[in-house]
Amino acid sequence: MEITAAVCRETQQPFSLEKLALEAPRPNEVLVKIVATGICHTDVNMRNTDGFTPKPTVLGHEGAGIVEKVGDSVKKVKPGDPVVITFDSCGNCLSCIQGDAAYCQYLGRHAFSGKRIDGTTSLRKGSEQIHSHFFGQSSFATYSICTERNVIPVDSSVPLELLGPLGCGIQTGASTVINALKVPAGSRIGVLGVGSVGMASVMAAHLCGAATIIALDTQASRLALAKELGATHAINGTEEDTFARIREIAPQGLNYVVDTTGHLGIIKEAVGHMTPRGVCALINTAKGADAHINILQMVLGGRTVRGVHQGDSVPDIFIPQMIELYKQGRFPFDRLIRFYDFADINQAVEDMESGVAIKPVIRMPLT
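Residues numbered from 1 in each chain as written. Predicted model: local features only at pLDDT ≥ 70, side-chain atom pairs only at ≥ 80, totals over all residues. Heavy atoms only, no water.

> Quick question: what am I supposed to make of the sheet that holds strand S2 (residues 16-22) here?
Strands in a sheet are paired, the pairing made by backbone hydrogen bonds, and the direction either parallel or antiparallel. With antiparallel pairing, the five strands of this open sheet are ordered in space as S4-S1-S2-S7-S8. Every interior strand has two partners, whereas the edge strands, strand S4 (57-58) and strand S8 (128-130), have only one. (Pairing = 2+ DSSP bridges. Helix = DSSP H or I, 4+ residues; strand = E, 2+ residues; numbered from the N terminus.)

> How should I be thinking about helix H6 (residues 220-228) in this particular structure?
An α-helix turns once every 3.6 residues. As a result, residues three or four positions apart point the same way. Along H6, the residues classified as buried are Arg222, Leu223, Leu225 and Ala226. Within H6, the buried residues cover an arc of 160° as seen down the axis, which keeps them to one side. Facing away from the buried side of H6, by more than 90 degrees, are the exposed residues Ala220 and Glu228. Looking at the buried side of H6, the elements it contacts are helix H5 (196-208), strand S12 (212-217), strand S13 (233-236) and helix H11 (345-354). Among the residues trailing H6, Gly230 stands out with phi positive, at a value near 135°. (Buried < 20%, exposed > 50% of the residue type's maximum accessible area, 1.4 Å probe, protein only. Arc of directions from axis to C-beta. Contact = heavy atoms within 4.5 Å.)

> Would you mind showing me how to read the pattern of salt bridges here?
Pairing is possible between side chains that carry opposite charge, provided their charged atoms lie close to one another. The full count for this structure, using the stated rule, is 17 salt bridges. Between Glu23 and Arg116 there is a salt bridge; the shortest N-O distance is 3.1 Å. On the criterion of sequence distance, the pair formed by Glu23 in the loop between S2 and strand S3 (29-38) and Arg116 in the loop between helix H3 (107-112) and strand S7 (123-125) is long-range, its members being 93 residues apart. Classification of Glu23 as partly exposed rests on a relative accessible area of 31%. Residue class for Arg116 comes out buried when judged on its relative accessible area of 8%. Residue Asp312 is joined to Arg306 by a salt bridge in which the shortest nitrogen-to-oxygen separation is 3.1 Å. Judged by its relative accessible area of 24%, Asp312 is partly exposed. Residue Arg306 is classed as partly exposed on the basis of its relative accessible area, which comes to 24%. Salt bridges sharing common partners tie together Glu23, Arg26, Glu29, Arg116 and Asp118. (Salt bridge = Lys/Arg side-chain N within 4 Å of Asp/Glu carboxyl O.)

Shown next, in the form of structure tokens:
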């Protein structure tokens, strides 16, 4: 079938909307008509990076849509079902068997290889191969080929165009607080960087009953929204001595830190401002840098610094939970979203990078 997709052809170049041929789904695959898809910083990082995700490729990994067709072996969904598309995983490695698909041993292959396990792609333009299956979906397109494992059936009473970011960014921020850190009521937490992931962490910390929720960013508009969504304190890193202010707010130290910045200096300082047995969750993967942490500080304080992917989420469980909380008015992630037409995808990326949009979501044409 013919689809329209935003193709990444060259590193650090704008996406180009092109007509492509998409294969029919194989026995374990699901064809989804995309209604809307979020844009994540990982999409932009892959566009701007050489040698990690092959090009030309179709990116996008926060899709939501309607199941159009399923392969013969698919039992989880049927045509007409509304779904959110999340990250893909193998289902067979030890991590997946234990319910830790976010740490699938073959995550790189399923997320970044640009092809199926057998080396094929589902997209072509004439005789040209276009890489597909980014995070198991490549949802910067009007249709997407997914697997049964990474489509999540969702409540049809909630606008589907809102739900794509639950498959990655919003899931990551909220689940890091709720499932990875298990933040208890009355605790003190710092959220470093309040883009969409950090903002979801703030909302989740508020849900958990954290007594002190400190939002750190350099944009006043984001900090103002963070306060509205549950942060008890906001620190503008361009206007204040960040850690002097944190000491003032939480002289006993922070029980938890969620870092979305990837800034090594900030991470090191934040760890130094944690209580004994404090835990720092590292989410940002863009820089891939080596962090230097004081071992004595770790040992004598029993402190932990750990990486977190997708918030340790089990998407089939956690995505419906987020939707239910949204319906109850307790998790208003829709306030982060700004919509764009598919034709304006490059403007949406620009607005995300400049901070104009916290979570841009691309609406696909209705036809």
